[in-house]
Amino acid sequence: MVKEKVSMKKIIIGNLKMNLISAQEREQYLKSFKKEITGKKLNNVEIVLCPPAIHLENFGKILGKKVFLGGQNCFWEDKGSYTGEISPLMLKNFGCEYVIIGHSDRRKYFGETDETISRKINLVLKNNLKPVICVGENWEQKVKGIDVVARQLRDCLEGVTGGKIENIIICYEPVWAISSNKPDHMPETNEIMGAGLVIKRFLVGKYGVRIAEKVRIIYGGSVSSVNVNETCVGARMEGALVGKESLTPREFLKICKIIEG
Ligand code: PGA
């Protein structure tokens, strides 16, 4: 009962990407994060940090009770000869509750496809982890008016029929707005709302209303404390995926506070 309530809170996920390159940088970050979060009332939001995997244990030790942990990616097998990979089971055993799947960096630099993403999602759900699935069009697709979101969802959620669909979080992340940090290169509130509706419609069609309403739909792409009202709150998003601004704990927690309301 309590769990159900918790899972429907809004969610803010910090994607630290390939940053915090030394133990010293990590310690500085954790110190600053702890200082900023201490005493803040954030009862209506779930906060997740996705550091590089090498830092997960330390993040857990220092921030364990204050934030949830997530991986930035994982493999589609639990164990074995897959050099360089990290499995959902490993993430779980090292304190993660969430894992980002199908981020556009992964698609762009590591050849990730909707097919591999769907294999990952299936295993993540099987392990009782919560996948944060990224979908969104690039600039060229936007200009041509191609509906990327519905197609990606169809292919990424192929075979995902288990009873844990409500563990899924879908992040609408227009690739052209990621790290753009330019106010004129951000989607309008109504564009984000439109994408949210496409996602909702898809989920209702595939899983029915009862399950669809339990899936949180969030926005990602240059979210900051300056634009979070337009990109998330006004667009009725149930949270945010934050990249660059999550590297500055004060800014990140400002975003959390605004979403908290
Ligand atoms: P950004 O990154 O906030 O720096 O645009 C978001 C992301 O890539 O997840």
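Cut-off values and rules
- Residues numbered from 1 in each chain as written.
- Predicted model: local features only at pLDDT ≥ 70, side-chain atom pairs only at ≥ 80, totals over all residues.
- Heavy atoms only, no water.
- Buried < 20%, exposed > 50% of the residue type's maximum accessible area, 1.4 Å probe, protein only.
- Helix = DSSP H or I, 4+ residues; strand = E, 2+ residues; numbered from the N terminus.
- Near = heavy atom within 4 Å.
- Polar contact = N/O pair within 3.5 Å; in protein donor to acceptor, adjacent residues only side chain to side chain.
- Areas by Shrake-Rupley, 256 points an atom, 1.4 Å probe, with all protein chains shown as cover.
- 1 Å grid on protein atoms, 1.4 Å probe; cavity = no way out; pocket = protein on both sides within 12 Å on 5 of 7 lines; lining within 4 Å.
- Sits in = over half its atoms within 2 Å of the grid points.
- Nonpolar A, V, L, I, M, F, W, Y, C, P; charged D, E, K, R; others polar.
- Pairing = 2+ DSSP bridges.
- Right-handed = clockwise from strand over helix to strand, strands pointing away.
- Points joined across faces, edges and corners; volume = space filled by probe spheres on them.
- Phe/Tyr/Trp six-rings, centres within 6.5 Å; stacked < 30°, edge-to-face > 60°.

Engineer: Would you explain unusual backbone geometry in this entry?
Structural biologist: Phi is positive for K17, close to 50 degrees, though the residue is something other than glycine. On the accessibility criterion, K17 (18% relative accessible area) is buried. Phi is positive for S222, close to 55 degrees, though the residue is something other than glycine. Its place among the elements puts S222 in the loop between β7 (216-220) and α11 (228-233).

Engineer: Explain the site of the ligand here, please?
Structural biologist: As a structural note, the neighbourhood of the ligand is formed by 13 residues, with K17, H103, E173, S179 and S222 the closest of them. One of the side-chain N or O atoms of E173 is found 2.7 Å from an oxygen atom in the ligand. A distance of 2.9 Å is found between an oxygen atom of the ligand and a backbone nitrogen or oxygen belonging to G243. For the ligand, whose free accessible area comes to 280 Å², the fraction covered by protein is 99%. Using a 2 Å cut-off from the grid points, one finds that the ligand occupies the largest cavity. Residue composition of the shell around the ligand, grouped by class: 4 nonpolar, 6 polar and 3 charged.

Engineer: I would appreciate a short explanation of the pairing of strand β8 (residues 239-242) in the present structure.
Structural biologist: In regular strands, side chains alternate between the two faces of the sheet. By the alternation rule, side chains of β8 split into G239 and L241 and A240 and V242, which are all buried. Bridging between strand β1 (residues 10-15) and β8 involves 4 bridges; their strand directions are parallel. Directly across from I12, in β8, lies its bridge partner A240. With 2 bridges connecting them, β7 and β8 associate as parallel partners. Considered in β8, the bridge of G220 is made with L241. Handedness of the crossover is the feature at issue here: the chain leaves β7, passes through α11, returns alongside β8, and the resulting connection is right-handed.

Engineer: Before we go on, may I ask you to explain empty space enclosed by the protein in this structure?
Structural biologist: Tallying each qualifying case throughout the model produces 1 cavity of 30 Å³ or more. Looking at the largest cavity, it is lined by 15 residues, and the ones nearest its centre are S179, S222, V242, G243 and K244. Across the lining of the largest cavity, the residue classes tally to 4 nonpolar, 7 polar and 4 charged.

Engineer: Can you walk me through the packing of aromatic side chains in this structure?
Structural biologist: Note on aromatic pairs: each is described by the distance of the centres and the angle between the planes. Counting across every chain of the model gives 9 aromatic pairs. Centroid distance F68 to Y98: 6.2 Å. Interplanar angle 80 degrees. Geometry classified as edge-to-face. Of this pair, F68 sits in strand β3 (residues 68-71) while Y98 is found in strand β4 (residues 96-101), placing the two residues 30 residues apart along the sequence. A relative accessible area of 28% means that F68 is categorised as partly exposed. We classify Y98 as buried; its relative accessible area is 0%. Residues W139 and W176 carry aromatic rings whose centres are separated by 5.4 Å and whose planes lie at 70 degrees to one another, so their mutual orientation is edge-to-face. With W139 in helix α7 (residues 139-144) and W176 in the loop between β6 (169-172) and α9 (189-207), this pair connects stretches of sequence that are 37 residues apart. With a relative accessible area of 43%, W139 lands in the partly exposed category. Here a set of aromatic residues connected by ring pairs shows up, and it is made of Y29, F33, F59 and F252.

Engineer: Could you clarify how one ought to interpret the layout of surface pockets in this entry?
Structural biologist: Here the largest pocket defines a volume of roughly 540 Å³. What lines the largest pocket is a set of 19 residues, among which K17, M18, Q72, N73 and R106 lie closest to the centre. Here the element with the most residues in the lining of the largest pocket is helix α5 (residues 104-109); it accounts for 3 residues.

Any link to function would need more than the numbers given here.
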